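# Descriptive structure summary
Residues per chain, in single letters:
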Amino acid sequence: MASVHQIPRDQWPSHPNYPAQVLLLGSHENFRRVSEHLVERAQTKADLGYVERLYGRWISAMRSHEGYEEHKLYPYLAKRWGADFGHATKGHEALHTCDRDVRSAFRGRENVQGALRAHDRVLSQHLEHEETLVIPLLLGLSRGEFEDYARSSISDLLQRTRQRSPA
Ligand SMILES: [Fe+2]
Ligand SMILES: [Fe+2]
């Protein structure tokens, strides 16, 4: 197995492929902000209707992000770099478990803030792990490879991608 590409976090911003190849960092920042906002607003019972509506919309966006990751990003990077996405996929499952707890808290109007806080903790751990694993692999792709990745279907990519070591 090829060694998996490593670039320390503090060197990401000075990499020539930053930020063009790591736009997912923007989505993650957004997820973190919404999650913190929800925890804060769940403090007051009068705000729970607003919090529940926003949470529902936000979780739909999170699920489509996860779907993209599990169906395109992870399989491509696993094939290209030989990286293991088992723990990252388990992070999505852990978020689904927390989501069930949040929804049940909304139904009972009981401990919504605690459930959102637990969800926020699992989300932070997942995003941290995912970024540490994925960002160096995305930065390590040549411009041409990245453009090909962005415009191609995963089945085409998996057919023609060969595992290679960092250039
Ligand atoms: Fe993500
Ligand atoms: Fe993810």
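In what follows, the accompanying structure is described. Quick caveat, the model's predicted, so the values are computed rather than measured. (Residues numbered from 1 in each chain as written. Chains lettered and ligands numbered in written order. Predicted model: local features only at pLDDT ≥ 70, side-chain atom pairs only at ≥ 80, totals over all residues.)

## Re the overall build of the chain
Spelled out, the test is: By definition, any uninterrupted DSSP run of H or I lasting at least four residues is a helix, any uninterrupted run of E lasting at least two residues is a strand, and each is numbered from the N terminus. Backbone-placed C-beta atoms define the burial measure: a residue is buried with 20 or more other C-beta atoms within 10 Å of its own, exposed with 12 or fewer, and partly exposed in between.
Within the chain, the regular secondary structure consists of six helices and zero strands. Shown N-terminal to C-terminal, the secondary structure of the chain runs as helices and strands in the order α-α-α-α-α-α. Seen through its principal axes, the chain has C-alpha atoms that stretch 55 × 30 × 25 Å. Sorting the 167 residues of the chain into buried and exposed places 22% on the buried side.

## Quick look at the packing of helix H1 (residues 24–41) against helix H4 (residues 112–139)
For clarity, the threshold we go by: Angles run from 0 to 180 degrees between N-to-C directions of axes, and those axes are lines fitted to C-alpha atoms, restricted for helices to the stretch in contact. Working rule for angles: under 35 degrees goes down as roughly parallel, over 145 as roughly antiparallel, 65 to 115 as roughly perpendicular, anything else as oblique. In this scheme the crossing of two helices becomes right-handed for a clockwise turn of the near helix relative to the far one and left-handed for an anticlockwise turn of less than a right angle. Contact between two residues is assigned when their C-beta atoms, built from the backbone, lie within 7 Å. Residue type decides the class: Asp, Glu, Lys and Arg count as charged, Ala, Val, Leu, Ile, Met, Phe, Trp, Tyr, Cys and Pro as nonpolar, and the leftover types, Gly among them, as polar.
Contact pair H1 / H4: the axes reach a minimum separation of 9 Å and the direction vectors enclose 165°. Classed by the angle they form, the pair H1 and H4 counts as roughly antiparallel. When the axes of H1 and H4 are compared, the crossing they make is left-handed. Residues Leu25, His28, Phe31, Arg32, Ser35, Glu36, Leu38 and Val39 of H1 pack against Gln113, Leu116, Arg117, Asp120, Leu123, Leu127, Glu131 and Ile135 of H4. Considering only residue class, the contact of H1 with H4 consists of eight nonpolar, three polar and five charged.

## Quick look at the environment of histidine 119
Counting through the fold element by element, histidine 119 comes out in helix H4. Between the alpha carbons of histidine 119 and arginine 100 there is a distance of 9.9 Å; along the sequence they are 19 residues apart. Residues contacting histidine 119, with those up to four places away along its chain left out, are Cys98, Asp99 and Val102.

## Points about the environment of leucine 95
Locating leucine 95 in the fold gives a position in helix H3 (residues 86–108). Given 18 C-beta atoms within a 10 Å radius, leucine 95 is considered partly exposed. In this structure the C-alpha to C-alpha distance between leucine 95 and histidine 119, which are 24 residues apart in sequence, comes to 6.5 Å.

## Here we look at the packing of H1 against helix H2 (residues 48–81)
The N-to-C vectors of H1 and H2 enclose an angle of 155°; their axes lie 11 Å apart at closest approach. Taken as axis vectors, H1 and H2 run roughly antiparallel relative to one another. Considering only the axes of H1 and H2, their crossing is left-handed. Between H1, through Ser27, Phe31, Val34, Leu38 and Arg41, and H2, the contact on the second element is made entirely by Tyr50, Val51, Leu54, Tyr55, Trp58, Met62 and His65.

## Some points on the nonpolar core
Across soluble globular proteins, nonpolar side chains have a tendency to be buried as a group. Quick reminder of the rule: Residues enter a nonpolar core if they are buried, belong to Ala, Val, Leu, Ile, Met, Phe, Trp, Tyr or Cys, and are joined to the set through C-beta atoms within 7 Å.
If you look at the biggest cluster of nonpolar residues, it comprises 14 residues, and the most contacted ones within it are Leu73, Leu77, Val134, Ile135, Leu137 and Leu138. When contributions to this core are tallied by element, the ones reaching two or more residues are H2 and H4. The element contributing the most residues to this core is H4, with six residues. Within the second largest apolar cluster, 10 residues are counted, among which are Ala42, Ala105, Val112 and Ala115.

## Describing H2
One turn of an α-helix holds 3.6 residues; hence residues three or four places apart share an orientation. The test is simple: Bend at a residue means the angle formed by two fitted axes: the first through the 7 residues ending at that position, the second through the 7 residues beginning there.
Where H2 bends most, at glutamate 69, the angle is about 45°. Buried within H2 are the following residues: Val51, Tyr55, Glu66, Leu73, Tyr74, Tyr76, Leu77, Arg80 and Trp81. Once H2 ends, the next one or two residues include glycine 82, with phi positive near 70°.

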